[in-house]
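Coordinates in review
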Amino acid sequence: MSAATETAVDGRAALATNADWDRQEYDDFLLHEARLLDEAKFDDWLALFTADAQYWVPSEPEQKSPHDTVSLIYDDRRLLETRVRRLASPRIYSQEPRSRTSRIVTNVTLEQREPDHVVVRSKFAMIEFRRNEQRLFGGTCFHRLVRHDGRLRIRLKRVDLVNCDAPLDGIVVPF
Amino acid sequence: MQRHLTEDLFRRVQPARVHRSLYTDPDIFELEMKQIFGVAWIYVGHESQIRNGGDYFCTQVGRKPLIVVRDASGTLRVLHNQCAHRGSMVVASDKGHTDEFQCCYHGWTYHLDGRLKAIPLQSGYPHDFDPANPKTAMLQVPRVSSYRGFIFVSQATDGPTLENSLGHMTTSLDDMVDRAPDGEIEVAGGTFRHTYNGNWKLYLENLCDAAHPWFTHRSSIDAAQQQKDDVFSDGSGEIAIRQMRQNGAPYSFWESQVGIWTYPNGHSYLGDYHDDAKLVAAMNDPLFRDYIAALEAKKGKDKARQILQVRRWNSNIYPNLSFMSQFQQLRVIYPIAVNRTEVHTYCFRLRGAPERMFRNTISFANVVNGTGSLVLTDDLEIYNRIGLGLTSEGAEWLEIGRGYQSDLPDEHGGRKGKNSTSEVYIRNMFDAWLGFMASRSMAVPQGAVT
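Thresholds, definitions, all that
- Residues numbered from 1 in each chain as written.
- Chains lettered and ligands numbered in written order.
- Predicted model: local features only at pLDDT ≥ 70, side-chain atom pairs only at ≥ 80, totals over all residues.
- Heavy atoms only, no water.
- Helix = DSSP H or I, 4+ residues; strand = E, 2+ residues; numbered from the N terminus.
- Buried < 20%, exposed > 50% of the residue type's maximum accessible area, 1.4 Å probe, protein only.
- Contact = heavy atoms within 4.5 Å.
- Areas by Shrake-Rupley, 256 points an atom, 1.4 Å probe, with all protein chains shown as cover.
- Core = buried A, V, L, I, M, F, W, Y, C linked by side-chain atoms within 4.5 Å.
- Buried area = accessible area lost by both parts, 1.4 Å probe.
- Salt bridge = Lys/Arg side-chain N within 4 Å of Asp/Glu carboxyl O.
- Pairing = 2+ DSSP bridges.
- Phe/Tyr/Trp six-rings, centres within 6.5 Å; stacked < 30°, edge-to-face > 60°.
- Lys NZ or Arg CZ within 6 Å of the ring centre and 35° of its normal.
- Axes fitted to C-alpha atoms, helices over the stretch in contact; angles between N-to-C directions.
- Parallel < 35°, antiparallel > 145°, perpendicular 65-115°, else oblique.
- Nonpolar A, V, L, I, M, F, W, Y, C, P; charged D, E, K, R; others polar.
- pLDDT = per-residue confidence, 0-100.

**Digging into the overall build of chain A**
In terms of helices and strands, chain A carries four helices and six strands. Each helix and strand of chain A, placed in order from N terminus to C terminus, yields the pattern α-α-α-β-β-α-β-β-β-β. Relative to its full complement of 175 residues, chain A shows a buried share of 57%. Taking contacts inside chain A between residues at least 6 apart in sequence as the whole, the part at least 24 apart equals 59%. Within the structure as shown, chain A displays about 7900 Å² of accessible surface, and the carbon and sulfur contribution to it stands at 49%.

**Here we look at the nonpolar core**
Met244, Tyr318, Phe430 and Trp433 of chain B are the most contacted members of the largest nonpolar core, which has 73 residues in total. In terms of residues, this core owes the most to one element, helix 15 (residues 424–438) of chain B, which gives ten residues. Sequence-distant contacts of Met244 of chain B, that is, excluding residues within four places in its chain, are made with Leu79 and Thr82 of chain A together with Ser220, Ile221, Ala224, Val367, Leu374 and Val375 of chain B. Grouped together as the second largest cluster of nonpolar side chains are 45 residues, Val84, Ile92, Cys164 and Ile171 of chain A included.

**A word on helix 4 (residues 77–87) of chain A**
Taken across its eleven residues, helix 4 of chain A has ten buried, putting it largely inside the fold. Those residues of helix 4 of chain A hidden inside the fold are in contact with helix 3 (42–46), strand 1 (49–58) and strand 2 (71–76) of chain A together with helix 8 (218–225), helix 9 (236–246) and helix 14 (376–390) of chain B.

**Description of unusual backbone geometry**
Residue Pro97 of chain A is reached from Glu96 of chain A by a cis peptide bond, and omega for that bond is 5 degrees. Cis rather than trans, the peptide bond between Tyr318 of chain B and Pro319 of chain B has omega equal to 5 degrees. Inspection of the secondary structure puts Pro319 of chain B in the loop between strand 16 (312–317) and strand 17 (321–324). You will see that Asn132 of chain A, though not glycine, has its phi angle at about 65 degrees, which is positive. Mapped onto the elements, Asn132 of chain A comes out in the loop between strand 4 (118–130) and strand 5 (133–148). On the basis of relative accessible area, Asn132 of chain A is assigned to the exposed category, the value being 74%.

**Concerning the interface of chain B and chain A**
Taken together, the contact pairs 48 residues of chain B with 41 residues of chain A. Taken together, the two surfaces of chain B and chain A that pack against each other cover about 3700 Å², and 53% of this comes from carbon and sulfur. On inspection of chain B and its partner chain A, the count reaches four salt bridges. Arg131 of chain A is the partner of Glu381 of chain B in a salt bridge, and the nearest nitrogen-oxygen pair spans 2.4 Å.

**Here we look at the pattern of salt bridges**
Summed over all chains, the structure comprises 43 salt bridges over all chains. Across the pair Arg86 of chain A and Asp378 of chain B runs a salt bridge whose closest N-O atoms are separated by 2.9 Å. Highlighted residues: Arg86 of chain A in helix 4 and Asp378 of chain B in helix 14, drawn from two different chains. Linking Lys201 of chain B and Glu32 of chain B is a salt bridge whose minimum nitrogen-to-oxygen distance equals 2.6 Å.

**Observations concerning the sheet that holds strand 20 (residues 397–399) of chain B**
Residue and element names in this part refer to chain B. Ordered in space as 1-2-20, the three strands form an open sheet in which the pairing is antiparallel. Strands with a single pairing partner mark the edges of an open sheet, and in this sheet they are strand 1 (13–14) and strand 20. Relative to strand 20, strand 2 (residues 17–19) runs antiparallel, the two being bridged by three bridges. Along strand 20, the bridge assignment pairs Arg17 with Glu399.

**Quick look at the sheet that holds strand 9 (residues 109–110) of chain B**
Residues and elements named next belong to chain B. The three strands are arranged 8-9-10 in an open sheet whose pairing can be described as antiparallel. On the outer flanks of this sheet lie strand 8 (101–102) and strand 10 (116–118), each paired with one strand and no other. Where strand 9 and strand 10 come together, two bridges link them in antiparallel fashion. Looking at the pairing, Thr109 lines up with Ala118 of strand 10.

**Here's the deal with the packing of aromatic side chains**
Under the criterion given, the structure shown has 28 aromatic pairs over all chains. Centroid distance Phe37 of chain B to Trp200 of chain B: 5.0 Å. Interplanar angle 85 degrees. Geometry classified as edge-to-face. Taken together, the residues Phe37 of chain B in the loop between helix 3 (26–35) and strand 3 (42–46) and Trp200 of chain B in the loop between strand 13 (185–196) and helix 6 (201–207) connect sequence positions 163 residues apart. Of the two residues, Phe37 of chain B and Trp200 of chain B, both sit in the buried class. Linked through ring pairs, Tyr43, Phe150, Phe152, Phe323 and Phe348 of chain B together constitute an aromatic cluster. We note Arg91 of chain A situated over the ring of Phe215 of chain B; from NZ or CZ to the ring centre the distance is 5.1 Å.

**Describing the packing of helix 3 of chain B against helix 15 of chain B**
Two numbers describe a pair of packed helices, the interaxial angle and the distance between the axes. All names here are of chain B. Interaxial distance between helix 3 and helix 15 falls to 9 Å at its minimum, and their mutual angle equals 85 degrees. Relative to helix 15, the element helix 3 lies roughly perpendicular. On helix 15, the residues touching Ile28, Leu31, Glu32 and Gln35 of helix 3 are Trp433, Phe436, Met437 and Ala438. Class assignment of the residues belonging to the contact of helix 3 with helix 15 gives a composition of six nonpolar, one polar and one charged.

**Considering the confidence of the model for chain A**
In the predicted model, chain A carries a mean pLDDT of 91, and the fraction of residues at 70 or more is 88%. Per-residue pLDDT stays below 50 along residues 1–14 of chain A; that stretch engages in 30 contacts with residues further than four places along the chain or on separate chains.

**Side note on the pairing of strand 17 of chain B**
Residues and elements named next belong to chain B. Of the two faces of strand 17, both are covered, the one formed by Leu321 and Phe323 as well as the one formed by Ser322 and Met324. Bridge count between strand 16 and strand 17: three bridges; the pairing is antiparallel. Paired with Ser315 across the two strands is Phe323, which belongs to strand 17. Here strand 16 folds back onto strand 17, and the loop between the two strands holds three residues. Bridging between strand 17 and strand 18 (residues 329–337) involves four bridges; their strand directions are antiparallel. Counterpart to Phe323 in the pairing with strand 18 is Leu330. The antiparallel pairing of strand 17 with strand 18 creates a hairpin that spans four residues between the two strands, and Gln328 there sits at a positive phi of about 55 degrees.

Structural data, given as structure tokens:
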């Protein structure tokens, strides 16, 4: 069973409660990540992920696995690197003109606490503007975070879009 | 207006070029919905989606919402999703299982074949009201036919059978099914739905286009070629990256090694262009060795070899279906408006194959059909840009002449490109298009009172 499957997070799971949770640190981390994405600093965004990271946008609500059902995006670290490299390509026609995005991240809660990682749940809204058209995406993010050299790193980011099963034009800028 | 158009259409399709209005004129689009989608055999789904009596799913043909259902006797029925009473859409779920269909407005209830079963307050209807009158039924689509599990409908009461219409393309559908060691495939693994602001014809025109990947997909080719292979992958990214690299095969390869074949009624297939040992069955991936063993155990060595020798990439069945056997992919095209199209994509599981193969099918779907794919997003951009470009009313004619003077007859009654980048398959689709559009349609005219 893959790491992504093991950590597939059930949105209805009981909230972890822990008095010594430093919520501010996680808040800051998620806001920093959102800002990197909005500012199209994709290399810096990639640097937030661990060497064995996975980035997952399911195609179905409450999707259990990225391996038995298709996903809007399912990148292991290798494909995530390729995705980010492509975003910098001058020949990425689907980003000509480039998208502009604006994200709001909120409702941050601690979902799970383990000795080696935490799972943080948040709500997000992202406005994407490109070629005279504005799209609104929203949903729930689950960040499985680990600590490397004292810094938080993303081991798994799962993005559950409210409209994950809607007919959509291409998704190029990551959530 | 429409009569005038029909007479004029012959002038808009010429041997090596077509008039741009075929992609932009709303009147032509309306005529296509009637003359092509209202007559031709249109793919609606696969029998594995409705295994048992009472199973159903909803779909569309052209823009018409339909229900595909297996009735209690096991017969496939396709019904217009409209109550015969006041016109409400009866079935609102995408799929499910039921004994009957019941309208949520006044409770008219129907058998699975569309016949009226019960009406509340029946005494209030006029004295000559007859629940057995076919006019009180949910209308059935006149012809439903299945070829090896692939369900098609035709709204014309007569015309060629499905098998006649498919012709040699039955071999591509055979190729989809025969690869399953147990001889059966099933829809599994979810659906992508993607959309673009462009004409429906653009989609099939791109799927056998061997001249575009090297250019259109340059950003993903470059990014994949530069990717280090020692970085963590759980197998999914590896398949995606290998596929992107294959798109970077040089023009000389695309021109000479691939092959493009076309057949009557607008159908075509592109040969395979892969030399990557992980992407092509029958090569040396350990997983495929298990698969081949399973296939040989069920079918015998000779038959298994014969099955795996078929090396086709996309097979297109005009006007709304494209599929690919080697990774069990299928796409269905839904025209929404002259400049708006929706495409749904599906995966199939090969019964009797190692489970791990399906995981590769999913990984492959993500890279070739995924809404967030590094490849498909550039194709969608092309469709959108054609939609935009055509509004500028520049060149009046669009060129479809590559290979026109060098195409060759094919032994099964079709034509093939001498060069794999021939646009013979586009010209072939327009031959079929003209045939449908100019025929005195067997479809009931729109708005006619019967």
